[in-house]
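Breakdown of the fold
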Amino acid sequence: MGVLMSKKQQVEKVQKCSSVVSAFKMGLKEPGPSAHQTDSVEEEEAPGEASPPPHQENGRDEEVEPGEAESGSAPSTSQQTPASTREECNVNQEAWNRLRDGKGVEPEDLDKTHQLTPPTFVRPVRDANDDQPMEVALGQREQPVNDEMCEVCEVWTADDLYPCRTCTRVFHDGCLSEMGYLRTDPLQEMRESAHTATGWSCYYCDNVNLLLTEEEMYSLMETFKQCKIIPESCLVSDELLQYRHFLSKQLYEKDLSDEQEEEVLAQFAALDPEKKGQIEWPDFLYHESLEVLRKFRTKNSLTRLLTAKERDHGRAVFLGLDLDKDGVITGAESRWAQQSWFQKLSKDSQSCTVSISHVGPISESSPTSSDSERSKLDENRPVTWEDFLRESAIFLLAARPNSSAMHIRLPL
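Here the residue numbers are simple positions, counted from 1 along each chain's written sequence. With pLDDT at 70 or above as the cut-off, local features in this predicted model cover only qualifying residues; side-chain atom pairs require 80 or more to be listed or tallied, and sums for whole chains, interfaces and linings still use all residues. In computing side-chain values, all of the structure's heavy atoms are included and hydrogens and water are not.

Looking at the overall build of the protein chain
The secondary structure listing takes helices from DSSP runs of H or I that are at least 4 residues long and strands from runs of E that are at least 2 residues long, numbered from the N terminus. Looking only at helices and strands, the protein chain features 17 helices and four strands. Taken over 412 residues, the protein chain has a buried fraction of 36%. By definition, residues are in contact when any of their heavy atoms lie within 4.5 Å. Here the analysis covers contacts within the protein chain between residues at least 6 apart in sequence; of these, 72% occur between residues at least 24 apart. Working definition of accessibility: Shrake-Rupley area with a 1.4 Å probe, residue cover restricted to the visible protein chains. Taken as a whole, the protein chain presents about 25,100 Å² of accessible surface, with 51% of it coming from carbon and sulfur. The cut-offs for exposure are 20% and 50% of the maximum accessible area for each residue type, with area from a 1.4 Å probe on protein chains only; residues under the lower value are buried, those over the upper are exposed, and the others partly exposed.

Re the packing of aromatic side chains
Within 6.5 Å between ring centres, the rings of Phe, Tyr and Trp (the latter by its six-membered ring) count as paired, and their orientation is classed by plane angle as stacked under 30 degrees, edge-to-face over 60, tilted in between. For the coordinates displayed, the defined rule picks out 11 aromatic pairs. Aromatic side chains phenylalanine 171 and tryptophan 200 sit 5.9 Å apart centroid to centroid with 90° between the ring planes, which places their arrangement in the edge-to-face category. One end of the pair, phenylalanine 171, is in strand 2 (residues 170–172); the other, tryptophan 200, is in the loop between helix 6 (184–193) and helix 7 (203–206), with 29 residues separating them in the sequence. Pair check on accessibility: phenylalanine 171 and tryptophan 200 agree, each one buried. Considering the side-chain rings of phenylalanine 224 and tyrosine 243, the 6.1 Å spacing of their centres and the 50° angle between planes classify their relative orientation as tilted.

Details of the nonpolar core
Counting 47 residues, the largest nonpolar core has Leu220, Phe224, Ile229, Tyr243, Phe284 and Leu290 as the members making the most contacts within it. Sorting the residues of this core by element identifies helix 8 (214–226), helix 9 (237–252), helix 10 (258–271), helix 11 (281–296), helix 13 (308–321) and helix 17 (385–398) as the ones contributing at least two each. The biggest single contributor to this core is helix 17, with nine residues. What we call a nonpolar core is a set of buried Ala, Val, Leu, Ile, Met, Phe, Trp, Tyr and Cys residues that are connected through their side-chain atoms within 4.5 Å. The next biggest cluster of nonpolar side chains, apart from the first, holds 22 residues, and it includes Cys164, Cys167, Leu176 and Cys205.

Considerations on helix 10
Compared with the 20 Å implied by 1.5 Å per residue over 14 residues, the 20 Å span of helix 10 between its first and last C-alpha is a close match. Looking at the buried positions of helix 10, the neighbouring elements they touch are helix 9 and helix 11. Helix span, expected: 1.5 Å multiplied by one less than the number of residues in the helix.

Topic: unusual backbone geometry
In the Ramachandran plot, glutamine 143 falls in the positive-phi region, its phi being about 45° despite a non-glycine side chain. On the accessibility criterion, glutamine 143 (52% relative accessible area) is exposed. In this structure, glutamate 154 is a non-glycine residue whose phi angle is positive, near 55°. Examined against the element boundaries, glutamate 154 turns out to sit in the loop between helix 4 (77–101) and strand 1 (161–163).

With respect to the environment of valine 208
The topology assignment puts valine 208 in the loop between helix 7 and helix 8. Separated by 190 residues in sequence, valine 208 and alanine 398 place their C-alpha atoms 7.7 Å apart. Contacts of valine 208, omitting those with residues within four sequence positions, involve Tyr286, Ser289, Leu290, Leu397, Arg400 and Pro401.

Listed below in structure tokens is the structure:
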């Protein structure tokens, strides 16, 4: 008769097995022979091998020159170079594997030996009806209920659980720390924002790269390799421009225009809100993942990626803009709402008020200012609830990460 185990028991069992395997591997890598083993080896040596070396002949020890000792024991530079190259290749290969599997940190790279093992993410598979329209009623809120037990340990502890703003999962801060997903600063930010209007996205929802299928992820990885972009490395503006030039030549067989280069630099500034002069790897990866979704997925497919909480969020904003309650808003109101997805409220703010002031200034080179005439023609365009949700889906997805970076530029 089988024995049923809870998720916590399964995790503990896997943790114990991982500890045993790790200890075994460490024993193989660092064999440390004992004194008894050394003595037994010396006793078993053959008589022919027991004769003293040349510098110990005539009953005395001859001093060995330092240069001779170093040349006899230490490997040459030509021998060290391939070893360092192989080590660098192994590090890069491990980074590619983590990128492919959607894993941020390998279990053996965690700081604490007793930490829980992070799960292996499974990439989605597109359904046959993925491109078909999805019916989402405007007048009926879904109001999803958060889970009762922690996603990691399956234990209920009432107020000690922190909900995700995107899905219905809840977590203990201790479990997130044990898994290695949140360090000191992010953990404190989670505690401060999870129960506020700003909210906090769990590690499933924060990583929008996990929305890509295996085929889409393989294509993105191949592009990175061709551009010689190493995973988990930061990018400066010149590297982003070079990357965009390469994509333009691959897709359109031409270089970027001056206006397109300005747009790339504007996107770089949006991904570097703290003005460090470089883009962090997760922000670059999330931006490129969203670009893949926007280019190769239909709006209906993107709408199906939204969670019930995100649909409720979009529904509340649309109803707030539809003052005459006729189920139609203007194109200008739609763009204004899409800008609101990227609002970054302060930690002390408890308000859900939508304001363009949260979006930040738009550069003079941005499409919003340069294409003002075209925007005016679109301002009075009628937008229904269905159209609004389809057009806003990519921006709702881009608002998932906890990072303050803007991973998709504001709509035209």
